[in-house]
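Report on the structure
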Amino acid sequence: MAERERFDTTVLIVGAGPAGLATALRLTQLIHQHNSEIDHGSRQGRKLSTEEICILEKGREIGSHLLSGAVMDPRALRELLPEFDSVEGPESAPIACPVARDEVYYLTERGQWKLPILPPFFHNSGNKIVSLNRLGRWLGEKVEQSGATVFAGFAGRELVYEEGRVTGVLTDDKGVDRAGNHKSNFEPGYHVRARITVLAEGSRGSLAKQLLANTPPSRIPPGRSNPQTYAVGVKELWEIPSGRIEPGTVIHSAGWPLRSDQFGGGWLYAMPEGMISVGLVSGLDYRDPRFDPHTAFQRYKTHPLIRRILEGGKLVKYGAKSIPEGGWYSLPPLSLSGTLLVGDTAGFLNSQRLKGIHLAIKSGMLAAETIYQAMAADDFSDERMSEYALRVENSWIREELWPVRNFHQAMQNGLLRGGVHVALQLLTGGRGLYARYPSRPGNEHMAKLLQEAENIQPPLVPDGKLTFSKTTDVFHSATRHEENQPSHLLIADTNICNTRCTVEYGNPCQNFCPAAVYEMVEGKQRREIHLNPSNCVHCKTCDIMDPYQIITWVPPEGGGGPSYENL
Ligand code: SF4
């Protein structure tokens, strides 16, 4: 094994998304305030340094792996940076526009029904349409100016434990070929040793998965034992002739092209200069193994409501990501053996409002306040770090998530039955019929092929104008990986893929992956699984939805992956 250089820091944040960046930025604010109070004699003690904060980002640069719809509730950003929307010029926050109008539809294949009165959770007055990727870059600049260090192009590959406690991570090795041999440019990864490690990796974080797999059930907070459940959002950015739709218009839809027993819905957000964010969220707890979230999204664009907005425009960008939907009852322990879990990694998302950016930022701020107290007291004990969970309990995160604690579980019953439960939940402060609606991991909902023999959708042949193949879309995600490296998609037993899965599920990885990574190709005796890892847009859907749970997504060589812009 190659010798690894060790790098010591106090605070290690893995992931420079909104949660990780908010953790870093809030912590630097508190440190600057702390030091200024010492300078002015109003505080005793030692000064702290922002250089004690280190952030690892697996993307080529901050923001390159960030993607969201996105309509942002600005509440948390205003707490973090109170002047964020009043600064003019190059320093101003990258807000596309405020939401001007909400429209919600139920779609059938050819028709639509517009809701005359919007449920409160669909109201977006005061919210902002943003590109998360631009917002991330902007926050990242502020973090770098504040003195924290960001290492872009470095993935946290493995947790390091000392005496049962996480004390940092190993970063990825660079320059390893497909067979595992060192190439001429080989560089071993670093051992980043830290007193506290913040996991801000986004949805289905690979380090958080390692951590939680080693967590005894007794550490799960009482009453929060639901497994995490997910959806996948597939998105395109379009440019259309300006003047066709008012900037600030927010359209949400339920129904077609999803089946009535599926969770999810479509969106279209209009921004200035004819830019359109359009996408479809599909619950990763569907039954039909032939269901393809990317194809469903392409169908969605052919609906007359969406077609007439997009037609004549052009596809600009593409991306996909998974979204944690389980809510309050699926939150894991938030502080665990030397780590804090923030943002999507913890599962902070309001699936009824389809909003998580504000919760990610707020959870990062609360983690930062906990870490600041630990730095000031020079005490990173588990007891001290558990104050983060208390801060979450006492914050507006709980106030927002508690009334929707049973929402996604109810919707696992399908749109009609789920809608009845949700109406009851609205009347009972989120309770509904049961105190805690149970749920199962999404992959367990997948039925075998034989049980889903009906309802076959005709194939969709992309026209290259309104609808596109996965490979065309991947091209528009600017995804790039070093080709000659070990696959970052680990299949524990490919024999299962080539035999049992073919018969039982028809190899659904070919369908649920929105980037054409998985293919069944003719082998010598039978069709065999073949991977195109360089297409991977890091959405983690395969890690979540594989029916046998034999696929593990691990970070590829740092810097690989999509290069999202304006998404
Ligand atoms: Fe997503 Fe997995 Fe496909 Fe990569 S290989 S794009 S993580 S489903």
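Structure first, text after, so check above.
This is a predicted model, so every value here is computed, not measured. (Residues numbered from 1 in each chain as written. Predicted model: local features only at pLDDT ≥ 70, side-chain atom pairs only at ≥ 80, totals over all residues. Heavy atoms only, no water.)

Two elements in contact, helix α1 (residues 18-39) and helix α3 (residues 132-145), have axes separated by 10 Å at closest approach and are oriented at 20 degrees. Considering the angle they form, α1 stands roughly parallel to α3. Along this stretch, α1 crosses α3, giving a crossing that reads as left-handed. Along the contact surface, α1 presents P18, L21, A24 and L25, while α3 presents L132, G136, L139, G140, K142 and V143. Of the residues assigned to the contact of α1 with α3, the class counts are seven nonpolar, two polar and one charged. (Axes fitted to C-alpha atoms, helices over the stretch in contact; angles between N-to-C directions. Helix = DSSP H or I, 4+ residues; strand = E, 2+ residues; numbered from the N terminus. Parallel < 35°, antiparallel > 145°, perpendicular 65-115°, else oblique. Left-handed = near helix turned anticlockwise from the far one by under 90°. Contact = heavy atoms within 4.5 Å. Nonpolar A, V, L, I, M, F, W, Y, C, P; charged D, E, K, R; others polar.)

Right, let's get into the site of the ligand. Among the 13 residues in the neighbourhood of the ligand, the closest are listed as C513, C536, C539, K540 and C542. Counted by class, the shell around the ligand contains 11 nonpolar, one polar and one charged residues. (Near = heavy atom within 4 Å.)

Here H488 shows up in the loop between α14 (470-475) and β23 (489-491). Once residues within four sequence positions are removed from consideration, H488 is found in contact with H481, P533, C536, H538, T552, W553, V554, P555 and P556.

Let us now look at the environment of R391. Mapped onto the elements of the fold, R391 is located in helix α10 (residues 387-393). On a C-alpha basis, the gap between R391 and L366 in space is 6.4 Å, while along the polypeptide they are 25 residues apart. In this view, R391 contacts L366, E369, T370 and Q373; residues no more than four positions away in its chain are not counted.

As a working rule, side chains carrying opposite charge can pair if their charged atoms are close by. All chains considered together, the criterion is met by 35 salt bridges. Ionic pairing is found between R101 and E103, a salt bridge with its closest N-O pair at 2.9 Å. With a relative accessible area of 35%, R101 lands in the partly exposed category. The shortest N-O distance in the salt bridge between R353 and E400 comes to 3.0 Å. Of this pair, R353 sits in the loop between α7 (343-346) and α8 (357-377) while E400 sits in helix α11 (residues 396-401), and the two are 47 residues apart along the sequence. Note on R353: relative accessible area 18%, which makes it buried. E400 gets classed as buried once you look at its relative accessible area, which sits at 14%. (Salt bridge = Lys/Arg side-chain N within 4 Å of Asp/Glu carboxyl O. Buried < 20%, exposed > 50% of the residue type's maximum accessible area, 1.4 Å probe, protein only.)

This next bit is on the packing of aromatic side chains. Any aromatic ring pair is given by two values, namely how distant the centres are and how the planes are angled relative to each other. The full count for this structure, using the stated rule, is 11 aromatic pairs. Taking 6.2 Å as the distance between ring centres and 80 degrees as the angle between the ring planes, the aromatic pair formed by F151 and F154 counts as edge-to-face. Measuring from ring centre to ring centre gives 5.9 Å for Y329 and W402, while their planes differ by 75 degrees; the resulting arrangement is edge-to-face. Note that Y329 is positioned in the loop between β20 (314-324) and β21 (335-336) and W402 in the loop between α11 and α12 (407-411), a separation of 73 residues in sequence. Take W402: its relative accessible area is 28%, and that puts it in the partly exposed class. (Phe/Tyr/Trp six-rings, centres within 6.5 Å; stacked < 30°, edge-to-face > 60°.)

Further remarks concern the sheet that holds strand β8 (residues 128-130). Two orientations exist for strands paired in a sheet by backbone hydrogen bonds: parallel and antiparallel. Taking strand neighbours across the sheet as the criterion, the three strands line up as β4-β8-β5 in an open arrangement whose pairing is antiparallel. In this open sheet, the two edge strands, each paired with only one partner strand, are β4 (71-72) and β5 (95-98). The pairing of β4 with β8 spans two bridges and is antiparallel. Each residue of the ladder has a partner; that of M72, found in β8, is K128. (Pairing = 2+ DSSP bridges.)

Bringing the sheet that holds strand β11 (residues 165-171) into the picture now. Spatially, four strands are ordered β1-β14-β11-β10 in an open sheet, and the strand pairing comes out mixed. Here the strands that pair on one side only, and so sit at the sheet edges, are β1 (6-8) and β10 (156-162). In this sheet, adjacent strand axes meet at a mean angle of 30 degrees when their direction is disregarded. Pairing between β1 and strand β14 (residues 191-193): three bridges, direction parallel. Across the sheet, the residue bridging to F7 is V192, located in β14. Sheet strands in contact with helix α4 (residues 206-213) are β10 and β11, and its direction is about 35 degrees off that of β10.

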